[in-house]
Each structure stands twice: as structure tokens, then as C-alpha cells.
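As a plain string of letters, each chain reads:
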Amino acid sequence: MRAAFFLKGDVRMDNIINALPYLMEGLQVTLYIFVIAIIIGFIIGLIVALFRLSPFKILNWIAKIFVDAIRGTPFIVQLFFIYFGLNSLDFFSMSNTTAGIVTVAINAGAYFSEIIRAGIQSIDKGQTEAARSLGLNSTQNMRYIILPQAFRRMLPTITNQAIISLKDTSLLSVIGVADLTQEGKIQASQTFDAFNIYLILGVIYFIVIYLLSMLANFIERKFVLR
Amino acid sequence: MTMIRVENLKKSFGDLEVLKDMSTVVEEKEVICVIGPSGSGKSTFLRCLNRLEEISGGHVYIDGTDITDPKNDINKIRQDVGMVFQQFNLFPHKTVMQNVTLAPMKLKGLDKAAAEKKAYELLDKVGLREKAKAYPGELSGGQKQRVAIARALAMDPKIMLFDEPTSALDPEMVGDVLDVMKDLAREGMTMVVVTHEMGFAAEMGDRVLFIDGGYIVEENIPKELFGNPQHERTKAFLSKVL
């Protein structure tokens with residue numbers, strides 16, 4: 001029995017090596033989607049956070065409804081709604097990659113907005129008072145005084161959310177995006193070696209995420225220790 | 001010339017009426033010290049003078065401009081009114097130099113060289129030239145407060161407001177900060193100082209305001225107010241602090 005397990009579950013380097021070029025192509029797609037989505041997501045997050053903190057009630061409401069809607073629904077449902085739901089409308093058409101980027105960006109944006117809001121609110125109000133007493137208006141205060149300090153504080157949580165979003169991109173394989181996971185699925189079925197392919201798939205995700213957190217650590221050390 | 005005119009100033013936080021009806025006038029180059037028990041409204045009074053607190057009633061005129069009139073640009077007016085806080089409120093992510101040059105560069109359009117030249121003059125004045133490249137976290141409380149004064153002066157304000165500038169300092173730091181303020185007063189800066197330093201009020205104040213219960217109970221030259229207080233509440237307060 002033991003031998004049989006090993007026979008099926010043996011590390012087969014040839015299968016891994018043959019699959020690697022395909023997996024690397026998938027990785028490129030994953031990183032491409034991730035980078036674009038995370039940048040858009042961050043911008044969404046910043047805007048929604050400022051809406052949430054604005055003195056205008058209507059903007060508060062928009063922000064709150066958006067965040068609650070995204071937080072209260074599963075990622076995969078959001079993905080299906082945007083890809084299948086919106087695409088079923090006559091005037092609407094987007095590729096699965098676009099739909100994937102949009103979903104990851106909106107999803108990350110909602111979580112980013114809460115992180116950014118908390119970061120802004122964590123800055124002592126004396127900072128705003130000092131800035132305003134010098135004559136800075138509220139936009140200048142945000143830009144030069146509050147946000148730079150808030151971002152330093154938020155960085156670990158931002159990294160955390162970015163990692164979650166990177167992992168979320170693997171769900172895009174469900175709508176056929178040729179990302180790392182999708183390539184892995186194809187390779188696993190072609191080689192009949194699910195054990196080795198999914199093992200190496202996990203290792204690749206792990207390495208990418210590990211590098212990402214090292215990058216975040218580096219930025220943190222460089223800018224945060226004040 | 002009148003720098004500050006306060007007319008029937010009222011301030012409420014919700015149902016709590018903190019300032020009930022205050023009127024006074026501060027002339028150019030005058031040093032006004034504001035004293036009173038804690039919770040009497042003296043910090044709130046000061047913070048109404050640059051509208052850090054929204055004013056509930058009455059008028060405050062800074063150099064003739066009504067700051068309660070929404071048509072007047074409060075950000076512009078604040079450039080002429082420097083403020084120094086009890087908790088310093090330096091910008092921790094910026095060096096001392098950047099703290100001092102930020103507002104002149106962003107608001108007055110000074111270039112970096114001009115702003116830094118001016119900043120070095122001010123840091124000389126407060127005795128901290130060698131700390132220009134330090135971050136606030138590397139300074140003592142007294143040094144922080146002197147940088148905060150330099151930062152406020154960098155905008156060439158017509159008026160300086162001090163909100164208990166020495167209350168958060170270790171005793172041995174208080175003297176340095178008071179010395180800087182005394183220099184400023186001698187140079188003719190118009191100053192309103194909320195303080196617990198009765199020695200400073202007696203020495204430097206042209207007038208002292210005693211605030212209690214949301215009213216200016218008594219105002220007079222320091223010699224009279226400290227030597228010959230007219231109201232019972234002033235007497236009671238002074239007997240506790242002198």
C-alpha cells in the first residue's frame with residue numbers, strides 16, 4: 001500500500017520540467033492581472049475612503065453601500081455577475097481577462113478603502129490642526145500631512161490585502177482566464193500527474209507571494225521607521 | 001491699530017455652552033496672557049481666534065477681516081495667524097527643515113533655497129540650526145516646541161497664538177521656550193498666550209485676561225490683576241496658583 005502511494009505520489013521531475021514553460025506563461029498572465037488590478041484597486045480604495053470621510057452625507061452613503069456590497073458577497077459571485085451577468089446585457093461586452101481585472105480591482109478596492117479610512121483616522125487630529133493653522137486647505141492637509149503618514153502606517157495591512165488579491169486571481173481560472181492556475185489545471189489533466197503539477201503550482205504561488213512580502217518589508221524598513 | 005477684535009463671541013459643543021459672551025480687543029504689538037482654571041474655556045477661546053473651532057455666535061475680526069463671514073477665505077487669514085500647540089504637533093514624517101519650509105513653499109510659492117534660507121534664520125533664532133536635518137522624534141520636548149514656533153513664524157504671521165506652550169514640557173525645558181517667546185514679544189509680535197506660567201504673564205503680558213465659566217471675568221495690566229484683583233473668582237483662582 002505504501003509503495004503504491006509512493007508510486008502515484010512520487011516527485012516526477014520530468015513532468016514538472018515539461019510543464020514549467022506553460023506555467024510560466026500562466027504566471028505572466030497572473031502577474032499582469034494582479035499588477036493592473038491592484039493599482040486600479042488602490043485608486044478605487046483611496047477614492048472610496050475619501051468619500052467615506054467626506055462631510056457630504058451622500059458620498060458617505062455611496063461609499064458605505066459599495067463596501068458593504070463587496071464585503072457581503074463572495075468573490076466568485078462578484079466575478080460571475082461581472083463576467084456572465086453584465087456580458088448578458090445587449091450593450092455590454094468584455095473579455096474574461098478584463099472581467100477578471102475589474103472584479104479583482106473592485107474587490108480589492110473595497111477592502112483597501114477600509115484600510116485607508118482606518119489609516120487616515122488613526123492620525124492624531126493635532127496634525128490636521130497644525131496644518132490648517134498654517135493656512136493649508138483640507139486637500140493640501142490630506143496630501144502633504146495626513147496621507148503620507150497614514151500610508152506608512154497602513155503598509156503592512158495593504159500588503160496583506162494585496163496577497164489575498166493575488167490569491168483571488170486564481171479564481172479567474174473558473175471563467176477560463178489563462179492564468180497560472182488555469183495552466184496548472186491544463187497541465188495536470190494532460191500529464192495525468194495532478195500530484196506533481198499542483199505541488200509545483202503551489203510552490204510557484206508561494207515563491208511569488210514570498211517575494212512580494214519581502215518587497216513590502218523592504219519598503220517598510222526604508223520608509224516607515226520614523 | 002487693532003489686530004484682533006472679539007465681539008460677543010459664543011461657542012457651544014452641542015448643548016454645552018463653553019464660551020458665553022466674550023468681547024475684547026487686542027492691539028498691534030500687544031502681548032495678552034489668558035489665564036483661568038482648567039475647563040474655563042481659555043483654549044477654546046484661543047482656538048476660535050483662527051476658527052479651529054467653528055464659532056457659534058458673535059464675531060471675530062483679524063486685522064479688520066471678519067473670520068466668521070464665510071465669504072472671507074479662512075485659509076488666507078490663517079496664514080497671518082501663527083499657532084503653537086501644547087502637544088507641539090510637528091509633522092513626524094518630515095525633518096525639522098521640512099516642517100519649517102512646507103507652508104512657505106506650498107502657500108507663498110517660495111522656492112526651496114529661499115524657504116531654507118528663511119528657515120535657517122528662524123532656527124538660529126530658536127537656537128536649533130544644528131537640528132535642521134533631524135526628525136521630530138529625535139528632539140526633546142523643548143526642542144520640538146521651539147521648532148513649532150519657528151514653523152509658525154515661517155509664514156511671517158501678524159499674530160501668534162500660543163495654547164499652553166509649556167504645559168507638556170519637563171520643567172527644565174520650560175525656560176528655553178519662554179525665552180524664545182520673550183524675544184518674540186520684545187520684537188513687537190502681537191501675541192495671545194494661554195498659559196499657566198504666571199511669572200511669564202506678569203513679566204511679559206501687556207494685559208492679562210482671567211477667564212472663568214465661559215466669560216472674561218476680569219482683564220487688566222498684570223500688576224493690577226495680580227496685585228489687586230477685583231472679582232472674588234479672580235482672587236480665589238490667584239490664591240491657588242500664586
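The rules behind the values
Residues numbered from 1 in each chain as written. Chains lettered and ligands numbered in written order. Predicted model: local features only at pLDDT ≥ 70, side-chain atom pairs only at ≥ 80, totals over all residues. Heavy atoms only, no water. Helix = DSSP H or I, 4+ residues; strand = E, 2+ residues; numbered from the N terminus. Rg over C-alpha atoms; globule rule 2.2 N^0.38 Å. Buried < 20%, exposed > 50% of the residue type's maximum accessible area, 1.4 Å probe, protein only. Pairing = 2+ DSSP bridges. Axes fitted to C-alpha atoms, helices over the stretch in contact; angles between N-to-C directions. Parallel < 35°, antiparallel > 145°, perpendicular 65-115°, else oblique. Left-handed = near helix turned anticlockwise from the far one by under 90°. Contact = heavy atoms within 4.5 Å. Nonpolar A, V, L, I, M, F, W, Y, C, P; charged D, E, K, R; others polar. Buried area = accessible area lost by both parts, 1.4 Å probe. Salt bridge = Lys/Arg side-chain N within 4 Å of Asp/Glu carboxyl O. Expected span 1.5 Å × (residues − 1). Patch = residues over 30% accessible without salt bridge, like charges linked within 9 Å, V, L, I, M, F, W, Y side chains within 5 Å. Areas by Shrake-Rupley, 256 points an atom, 1.4 Å probe, with all protein chains shown as cover. Phe/Tyr/Trp six-rings, centres within 6.5 Å; stacked < 30°, edge-to-face > 60°. Lys NZ or Arg CZ within 6 Å of the ring centre and 35° of its normal.

A. Region of the structure containing the overall build of chain B. Looking only at helices and strands, chain B has nine helices and 10 strands in total. By the compact-globule yardstick of 18 Å for 242 residues, chain B fits well, its C-alpha radius of gyration being 18 Å. With the C-alpha coordinates aligned to their principal axes, the bounding extent of chain B is approximately 55 × 45 × 35 Å. Going through the 242 residues of chain B one by one, you find that 55% of them count as buried.

B. Looking closely at the sheet that holds strand E5 (residues 65-66) of chain B. All names here are of chain B. With antiparallel pairing, four strands are arranged side by side in an open sheet as E2-E1-E4-E5. If you trace the sheet from one side to the other, it starts and ends with strand E2 (16-27) and E5, each paired once. Of the strand pairs in this sheet, strand E1 (residues 2-13) and strand E4 (residues 57-62) are connected by five bridges, and their pairing is antiparallel. Directly across from arginine 5, in E4, lies its bridge partner tyrosine 61.

C. Up close: the packing of helix H3 (residues 96-107) of chain B against helix H4 (residues 112-125) of chain B. Residue and element names in this part refer to chain B. Where H3 meets H4, the axes come as close as 9 Å, and the angle between the chain directions of the two elements is 125 degrees. Considering their axes alone, H3 and H4 lie oblique with respect to each other. Where H3 crosses over H4, the handedness of that crossing is right-handed. Here H3 contributes Val96, Met97, Val100, Thr101 and Met105 to the contact with H4, which in turn contributes Lys112, Ala115, Glu116, Ala119, Tyr120, Leu122 and Leu123. Each residue belonging to the contact of H3 with H4 can be placed in one class, and the counts come to nine nonpolar, one polar and two charged.

D. Broad picture of the interface of chain A and chain B. The interface of chain A with chain B comprises 19 residues on the first partner and 23 residues on the second. Taking both sides of the interface into account, the surface hidden between chain A and chain B amounts to around 1900 Å²; carbon and sulfur atoms contribute 61%. Linking chain A with chain B are one salt bridge. The shortest N-O distance in the salt bridge between A:Glu129 and B:Arg47 comes to 2.7 Å.

E. Layout of helix H5 (residues 96-121) of chain A. When the terminal C-alpha atoms of H5(A) are compared, their 37 Å separation across 26 residues agrees well with the 38 Å that a helix rising 1.5 Å per residue should span. Most of H5(A) sits inside the fold, with 19 of its 26 residues counted as buried.

F. Here's a closer look at a nonpolar patch on the surface. Residues and elements named next belong to chain A. A contiguous nonpolar patch, built from Val11, Met13, Ile17, Phe195, Leu199, Val203, Phe206, Ile207, Tyr210, Leu211 and Met214 and spanning about 1100 Å² of accessible area, is present on the exposed surface. At the level of secondary structure, the elements contributing two or more residues to the nonpolar patch comprise helix H2 (13-53) and helix H9 (194-223). Among the elements that take part in the nonpolar patch, H9 stands out by supplying eight residues, more than any other. Relative to the helices and strands, tyrosine 210 is located in helix H9.

G. Fine view of the sheet that holds strand E9 (residues 207-212) of chain B. All names here are of chain B. Across the sheet, which stays open at both edges, the six strands sit in the order E6-E7-E8-E3-E9-E10 with mixed pairing between neighbours. The open sheet has two free edges, formed respectively by strand E6 (81-84) and strand E10 (215-220), since each of these has just one partner strand. Sheet twist, expressed as the mean angle between neighbouring strand axes with direction ignored, is 20 degrees. Helix H5 (residues 141-153) rests against E6 and strand E7 (159-163) of the sheet, and its axis sits at about 170 degrees to E6. Helix H6 (residues 171-186) contacts strand E3 (31-35), E7 and strand E8 (190-194) of the sheet and is inclined by roughly 145 degrees relative to E8.

H. Looking closely at the packing of aromatic side chains. Overall, the coordinates contain seven aromatic pairs over all chains when judged by the stated rule. Aromatic side chains A:Phe206 and A:Tyr210 sit 5.9 Å apart centroid to centroid with 20 degrees between the ring planes, which places their arrangement in the stacked category. Placement of the pair is A:Phe206 and A:Tyr210 together in helix H9, with a separation of four residues, close to one helical turn. Among the residues examined, A:Phe206 registers a relative accessible area of 55% and is labelled exposed. Ring geometry for B:Phe210 against B:Phe237: centres 5.2 Å apart, planes inclined by 40 degrees, an arrangement best described as tilted. Note that B:Phe210 is positioned in strand E9 and B:Phe237 in helix H9 (residues 232-241), a separation of 27 residues in sequence. In this structure B:Phe210 comes out as buried when scored by relative accessible area, which is 0%. Chaining the aromatic ring pairs together yields one cluster made of A:Phe42, A:Phe112 and A:Phe151. Its end group placed over the ring of B:Phe91, B:Arg151 keeps NZ or CZ at 4.4 Å from the ring centre.

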